[in-house]
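Geometric and topological summary
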Amino acid sequence: MPSKTSPAASLDLDRYVPALITFLANKMSAGASRLYRDNFGVGIVEWRLLALLKVEDAITPNRMCQVIGLDKAAVSRSLKYLQASAYVHFRSDPEDARKTIVSLTESGNVLHDEIFQVAIKREALLLGDFSAAERDTLIDLLSRMNARVGLVNAYDPNSPANTQENSQANSPSTDC
């Protein structure tokens with residue numbers, strides 16, 4: 001039986017934005033994780049948590065998951081490692097004892113500052129061929145895409161609203 005897919009139905013991975021972003025992020029994360037583990041004893045997830053805590057200290061693990069987009073298990077494992085290494089400490093939320101607040105320790109701040117220098121150099125190398133205006137445009141475009149992730153992740157091709165939208169998109173237009 002012949003396949004119902006045609007070559008026209010395949011992704012052009014050189015132009016499919018989700019793939020381009022994923023490929024870039026995976027390669028950057030793998031390189032950073034290797035570099036940070038070899039030089040600082042932490043991986044990319046730990047670095048992301050340190051960086052977030054430097055910007056927004058005294059937050060819950062749940063907040064970390066929301067901001068970074070990692071699952072709770074990965075955040076929990078990394079926080080346990082950072083706590084055992086004395087880079088973060090935990091305390092109960094004074095407003096809700098059921099919640100835990102995470103903060104950087106002094107050694108966590110020092111580690112952050114060391115890795116920060118390497119991370120900024122890596123970013124400079126990545127963006128070395130971009131003008132200041134192109135960097136601003138890239139940041140704007142990425143921010144706008146990030147703002148739409150909720151909408152994208154909520155998309156369900158089987159929902160009645162999307163089924164109707166799809167059938168309208170596939171019917172001939174009568175507009176002039």
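1. Considerations on the overall build of the protein
Each helix and strand counted, the protein has eight helices and two strands in total. Across the protein, helices and strands are ordered from the amino to the carboxyl terminus as α-α-α-α-β-β-α-α-α-α. Expressed as a percentage of its 176 residues, the buried residues of the protein come to 24%. Look at the contacts in the protein between residues 6 or more apart in sequence, and 48% of them connect residues 24 or more apart. In the form shown here, the protein has an accessible surface area of approximately 12700 Å², with 56% of it arising from carbon and sulfur atoms.

2. Considering the environment of Glu123
Note that Glu123 resides in helix 5 (residues 106-126). Residues Glu123 and Met28 lie 95 residues apart in sequence; the distance between their C-alpha atoms is 9.9 Å.

3. Notes on the packing of aromatic side chains
This structure, assessed with the given rule, holds two aromatic pairs. An angle of 65° between the planes, with centres 6.0 Å apart, marks the rings of Tyr36 and Trp47 as edge-to-face. Here Trp47 lies in helix 2 (residues 44-55) and Tyr36 lies in helix 1 (residues 17-40), a separation of eleven residues in the sequence. Accessibility classification places Tyr36 together with Trp47 in one group, the buried group. In this structure an aromatic cluster arises from ring pairing among Tyr36, Phe40 and Trp47.

4. Describing the pattern of salt bridges
This structure, assessed with the given rule, holds five salt bridges. In this structure, the salt-bridge partner of Asp96 is Arg98, at a minimum N-O distance of 3.0 Å. Asp96 sits in the buried class, given a relative accessible area of 16%. Residue Asp140 is joined to Arg144 by a salt bridge in which the shortest nitrogen-to-oxygen separation is 3.2 Å. Of the two residues, Asp140 and Arg144 are both situated in helix 6 (residues 132-147); the distance of four residues between them amounts to about one turn of the helix. Arg144 gets classed as exposed once you look at its relative accessible area, which sits at 51%.

5. Considerations on the pairing of strand 2 (residues 96-104)
Strand direction decides the pairing type here: strand 1 (residues 88-93) and strand 2, joined by six bridges, are antiparallel. Within strand 2, the position partnered with Phe90 by the bridge is Val102. In sequence, strand 1 turns back onto strand 2 through a hairpin of two residues.

What counts, and where the lines are drawn
- Residues numbered from 1 in each chain as written.
- Predicted model: local features only at pLDDT ≥ 70, side-chain atom pairs only at ≥ 80, totals over all residues.
- Heavy atoms only, no water.
- Helix = DSSP H or I, 4+ residues; strand = E, 2+ residues; numbered from the N terminus.
- Buried < 20%, exposed > 50% of the residue type's maximum accessible area, 1.4 Å probe, protein only.
- Contact = heavy atoms within 4.5 Å.
- Areas by Shrake-Rupley, 256 points an atom, 1.4 Å probe, with all protein chains shown as cover.
- Phe/Tyr/Trp six-rings, centres within 6.5 Å; stacked < 30°, edge-to-face > 60°.
- Salt bridge = Lys/Arg side-chain N within 4 Å of Asp/Glu carboxyl O.
- Pairing = 2+ DSSP bridges.

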